[in-house]
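Commentary on secondary and tertiary structure
So the chains spell out like this:
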Amino acid sequence: EQIEKGGYEHFMLKEIHEQPKAIIDTYRGRMLADQGIIKMAGVDDHLEKFLNADRIIIVACGTSWHAGLVAEYLFEDIARIPVEVEYASEFRYRNPIITDKDIVIAISQSGETADTLAAIKLAKSKGAFVFGVCNVVGSSIARETHAGAYTHAGPEIGVASTKAFTTQITVLSLIALKLGKAKGKISNSLFHSHLQTLQLIPKKIEELLAIDDQVKHIASVYKNATNCLYLGRGFNFPVALEGALKLKEISYIHAEGYPAAEMKHGPIALIDENMPIIVIATSKGHYEKVVSNIQEIKSRSGKIIAIVTQGDTTVKEIADHTIEIPETEEAFTPLLTTIPLQLLSYHIAVFLGRNVDQPRNLAKSVTVE
Ligand code: G6P
C-alpha cells in the first residue's frame, strides 16, 4: 500500500496532487487547442441528437452531482442549452417528465452508484438519449448508457472524491464548448481562447498545490471549529457545496455550502466569532456583491477565509486569511478554487487524526439504496 501511495501519507493527498496530470489525461487526444478542435466520439457520433435536444437533464449523486451543477452553469452559459440537475435518488422516484427530445447526462466516478443506474434505466424507458460521464472503464453505468466519455482520471481510492470531480468538470467543459461551437452560440475567437485557457489549467493547479503550507497553517487555526460555512456565487456556488461536503466527509465537522447571496436568508444567524466562513471571491464572479457579503460577515465577527484571484487587494484588507488562485476565465475557476478547499479539508482531518481515506460510515461506491 505504501508503494501505491507513491510517497504520500494518504491516497487522498496523492489524488489531490495527481490532478494536473489527470486533467491532461482527460483532454489528451480530445482537445487540440492549437487547431481549435474538440474531438469526442461519444458526442460527435450523436451530434444531431445533442443539437436538437430541448434540454439536458443531469443525474448524479454526491460529488458527481456537484460537478453536474457546475455543468449547468457551463452548458447554459456557453451552449445556451437549458439544463436541470437532479439527484438521481429523487429523479427516479418522482415520475419525471422526460421525452425523446431530452438528453440525460449521468455522471458517476465509479459507474456503479445504484440510484444513478436506476435513473438511467428510467430515462431510457421514456425514450431519452442517455450519455454517461464515468471514470471506471467498463462499469455498469458506462455499459448502460447509449454513449459517453470517460474521465480518464485513473483509479481514485480515497473515499472523498477529488480528481474525479475536476476531471468530470473538464469533460463537461469540453462538451459545453463543443456544443456551443456547433450551435453557433459562441464566437470562434472565444472558443479558441477558451481552449487555450483550459490548456493552462493543469499548470495553474501545480502553482496552487505549491501553497499547501499556507493552507495547512489555516487548517491548524480552524481545526477545532464545530461548524463551517462555505459561500460562493455563480460557477463557484457548486464549489462551495463541494468544499463543505469534503470537510464533512473526512473531518466530521458540520459544514454547509450556500450561494453567497442566500446567506442573509438564514445562515447569517449562525455567524459569530467562532464561525469560520470560507468565501470564494474570484475577481470576475460578481466580485462586488461577494465583497459586500464579506463585509456583512466581518461586522458579525465571523472568521473569513477568502479564495481570491492573484493580486486582489480589497478582500485582503477585510479577510482573516486569503488564498490566491491564478487568474483564469470565470467559467473555469471551479477547477482552481476547488484545490485549496480539498487541501483545507485534508489537513483539518489529518490534524484531527481522522481516517482520511476511509471515513466512518461512508463507502466509495454506493451500490445499494
Ligand atoms: C459516494 C462517495 C462519493 C461519491 C458518490 C457518488 O457517496 O463516497 O465520493 O461522490 O458516492 O459516486 P459516483 O461513483 O456515482 O460518482
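Located above this text is the structure these notes cover.
In what follows, the accompanying structure is described. (Residues numbered from 1 in each chain as written. Predicted model: local features only at pLDDT ≥ 70, side-chain atom pairs only at ≥ 80, totals over all residues.)

Now for helix 11 (residues 212-222). Along helix 11, the residues that are buried comprise Val215, Ile218, Ala219 and Tyr222. Each buried residue of helix 11 sits inside an arc of 105° when the element is viewed along its axis, so together they form one side. Opposite its buried face, helix 11 presents the exposed residues Asp213, His217 and Ser220, each directed more than 90 degrees away. (Buried ≥ 20, exposed ≤ 12 C-beta atoms within 10 Å, placed from the backbone. Helix = DSSP H or I, 4+ residues; strand = E, 2+ residues; numbered from the N terminus. Arc of directions from axis to C-beta.)

Another aspect to go through is the sheet that holds strand 12 (residues 321-325). Strand pairing in a sheet relies on backbone hydrogen bonds, with the paired strands running either antiparallel or parallel. With parallel pairing, 5 strands are arranged side by side in an open sheet as 9-8-10-11-12. Each having just a single partner strand, strand 9 (254-259) and strand 12 make up the two edges of the open sheet. Each neighbouring strand pair of the sheet contributes to a mean axis angle of 15°, computed without reference to strand direction. Pairing geometry for strand 11 (residues 303-309) and strand 12, over 5 bridges, is parallel. The residue bridging valine 308 from the neighbouring strand is glutamate 324, located in strand 12. Across the face of the sheet, helix 12 (residues 237-251) comes into contact with strand 8 (227-232), strand 9 and strand 10 (276-281) while running at roughly 175° to strand 9. Across the sheet, helix 15 (residues 334-351) touches strand 10, strand 11 and strand 12, and the angle it forms with strand 12 is around 140°. (Pairing = 2+ DSSP bridges. Axes fitted to C-alpha atoms, helices over the stretch in contact; angles between N-to-C directions. Contact = placed C-beta atoms within 7 Å.)

With that settled, consider the sheet that holds strand 6 (residues 129-134). Pairing is parallel in the open sheet, where 5 strands are placed in the order 4-3-5-6-7. Only two strands of the sheet have a single partner each, and these edge strands are strand 4 (83-87) and strand 7 (147-150). The sheet shows a mean angle of 20° between the axes of neighbouring strands, taken without regard to direction. Direction of pairing for strand 3 (residues 55-60) relative to strand 4: parallel, over a ladder of 5 bridges. Its bridge partner being in strand 4, alanine 60 is matched across the sheet by tyrosine 87.

Turning our attention to the environment of lysine 21. Checked against the element boundaries, lysine 21 lands in helix 2 (residues 19-27). Accessibility expressed as a C-beta count within 10 Å gives 15 for lysine 21, which makes it partly exposed. Linking lysine 21 and serine 189, residues 168 residues apart in sequence, is a C-alpha distance of 27 Å.

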